[in-house]
Amino acid sequence: MTGPADRGPGPGRAPDRGRVLVARLDDAGDVLLAGPAVRAVRTRAAEVVFLAGPNGRAAAELLPGVDRVETWHAPWIDHTPPPVTRDQAEDLIGRVGDVDEAVLLTSFHQSALPLALLLRLAGVARITAISNDYPGALLDVRHVVDESVDVPEAERMLAVAQAAGFTLPPGDDGVLAVRRPLPDIRPETGHLLGAGADAGEGAYVVVHPGTSAPARTWPAERHRQAVRELAEDGHRVVVTGTERDLTAYVADDVAADLGGVTTFAELAAVIERAGVLVAGNTGPAHLAAAVGTPVVSLFAPVVPLVRWAPYGVPSVVLGDQHAPCRGSRARVCPVPGHPCLSQVTSEQVVKAVRELTQ
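Residues numbered from 1 in each chain as written. Predicted model: local features only at pLDDT ≥ 70, side-chain atom pairs only at ≥ 80, totals over all residues. Heavy atoms only, no water.

Q: Teacher, can you tell me more about the packing of helix H4 (residues 86–95) against helix H5 (residues 113–121) here?
A: In helix packing, the relevant descriptors are the interaxial angle and the interaxial distance, both defined with respect to the helix axes. Contact geometry of H4 with H5 gives a least axis separation of 8 Å together with a crossing angle of 60°. Classified by the angle between their axes, H4 and H5 sit oblique to one another. Crossing hand, H4 versus H5: right-handed. Mapping the contact onto sequence places Ala89, Leu92 and Ile93 in H4 and Leu115, Leu118 and Leu121 in H5. Looking at the contact of H4 with H5, its residues break down into six nonpolar, no polar and no charged. (Axes fitted to C-alpha atoms, helices over the stretch in contact; angles between N-to-C directions. Helix = DSSP H or I, 4+ residues; strand = E, 2+ residues; numbered from the N terminus. Parallel < 35°, antiparallel > 145°, perpendicular 65-115°, else oblique. Left-handed = near helix turned anticlockwise from the far one by under 90°. Contact = heavy atoms within 4.5 Å. Nonpolar A, V, L, I, M, F, W, Y, C, P; charged D, E, K, R; others polar.)

Here it is as structure tokens:
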């Protein structure tokens, strides 16, 4: 498998499109899924500026092909939106005034038009985005899709780049990727993970219990039990996340607890050395895909599995994909008892890990 280059136009291509902004304004996983589109843009752009939301900046900094990252808190995207103010709009307009062209990447439930309006005011001459609504003078390339058809998010975004005239270079197979080299995590984690061949690639299972929304979360006590049973099954287990109380509870006295001690890039390095990641539909699942690590996906169907399943890596999906919450986009479970995930057992997780590691 040919990996993407970190920088520079593709073989035989001249950077003839100036400074191009690629925007994806939501969370880290969504930004990672934009990676193939970014690499396509990089084949012809003299410089790629990535516009991310606050929760996506660290992921944007890991994308091959990105030269500069700008962060802006979009009032129509973020789940904790800031108020709309003139100063906020002028801040963005001032920071992207040097951009020649923009490729706006959105989910099926988001509109690109508010950002397109602000970029027009900044003087961006050419803008491409999906819009099923009439865009008037806001878009130069309007990419229309059938939103009733579920398409993997990485492919949806790559199609927008292609509509703008950017294609992946020869040898790039469109998988997710991160910049290399990743940080050396051995000085910080060697005492937890062991040394020598026993701590090499595939030496442990990573369990990441946190998610960005309660509706996507497998119960903490199930995570804790799964960690214990994974250890009993012969696996070294590492627990990761930003919520230190949660990771400490899940790790108990059985697993290595890395809660709150890794940067996003260091988390990528931890996951890369794992045999399997166990996680919900959250950023680290896409980070695992970007470093080639198989995933046991505890996937709540509040969003479509086809769109946001781990992309391009072996995976086992657990969770009732036909539960009543299906397609609701709920952040808090709307169904008493959270049946889509609460019925998943720790034994099923252990079995899935065994399947992916054998």
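Q: Where do I start with the nonpolar core in this structure?
A: One broad rule of soluble globular proteins: the nonpolar side chains tend to lie buried together. Counting 61 residues, the largest nonpolar core has Val41, Phe50 and Leu287 as the members making the most contacts within it. Those residues in contact with Leu287 that sit more than four places away from it in its chain are Leu32, Leu62, Val178, Phe264, Leu267, Ala268 and Ile271. In this structure, Ala255, Val316, Leu318 and Cys340 belong to the second largest nonpolar core, which totals 33 residues. (Core = buried A, V, L, I, M, F, W, Y, C linked by side-chain atoms within 4.5 Å. Buried < 20%, exposed > 50% of the residue type's maximum accessible area, 1.4 Å probe, protein only.)

Q: What am I meant to see in the packing of aromatic side chains here?
A: How two aromatic rings sit relative to each other is set out by the distance from centre to centre and by the angle between their planes. Scanning all chains against the criterion turns up two aromatic pairs. Where Trp72 meets Trp76, the ring centres are 5.7 Å apart and the plane angle is 55°; that geometry is what we call tilted. Overall, the relative accessible area of 3% leaves Trp72 in the buried class. Between the aromatic rings of Phe108 and Trp308, the centroid separation amounts to 6.1 Å while the plane-to-plane angle is 45°, which identifies the pairing as tilted. Of the two residues, Phe108 sits in the loop between strand S4 (101–104) and H5 while Trp308 sits in helix H12 (residues 305–308), which places them 200 residues apart along the sequence. Phe108 sits in the partly exposed class, given a relative accessible area of 25%. Just above the ring of Tyr249 sits the side chain of Arg224; from NZ or CZ to the centre is 4.4 Å. (Phe/Tyr/Trp six-rings, centres within 6.5 Å; stacked < 30°, edge-to-face > 60°. Lys NZ or Arg CZ within 6 Å of the ring centre and 35° of its normal.)

Q: Explain the pairing of S4 to me, please; I cannot follow it from the model alone.
A: Along a regular strand, successive side chains alternate from one face of the sheet to the other. By the alternation rule, side chains of S4 split into Glu101 and Val103 and Ala102 and Leu104, which are all buried. Sheet topology places strand S1 (residues 19–24) next to S4; four bridges connect them, and they run parallel. Note on S4: the bridge partner recorded for Val20 is Glu101. Bridge analysis of S4 against strand S5 (residues 126–130) gives four bridges, and the strand direction is parallel. Opposite Leu104, over in S5, you have Ala129 as the bridge partner. Of the crossover connections in this fold, the one passing from S4 over H5 to the parallel S5 is right-handed. (Pairing = 2+ DSSP bridges. Right-handed = clockwise from strand over helix to strand, strands pointing away.)

Q: Got a minute to help me understand the sheet that holds strand S7 (residues 204–208) in this structure?
A: The strand order S9-S8-S7-S10-S11-S12 describes an open sheet built from six strands, whose pairing is parallel. Two strands lie at the open edges of the sheet, namely strand S9 (256–257) and strand S12 (315–318), each paired on one side alone. As paired elements, strand S8 (residues 236–239) and S9 share two bridges and run parallel to each other. Across the sheet, Val238 pairs through a bridge with Ala256, a residue of S9.

Q: Got a minute to help me understand the side chain of Gln321 in this structure?
A: With respect to the element layout, Gln321 can be found in the loop between S12 and helix H13 (339–342). Sequence-distant contacts of Gln321, defined by excluding residues within four places in its chain, comprise Phe299, Pro301, Leu305 and Arg326.

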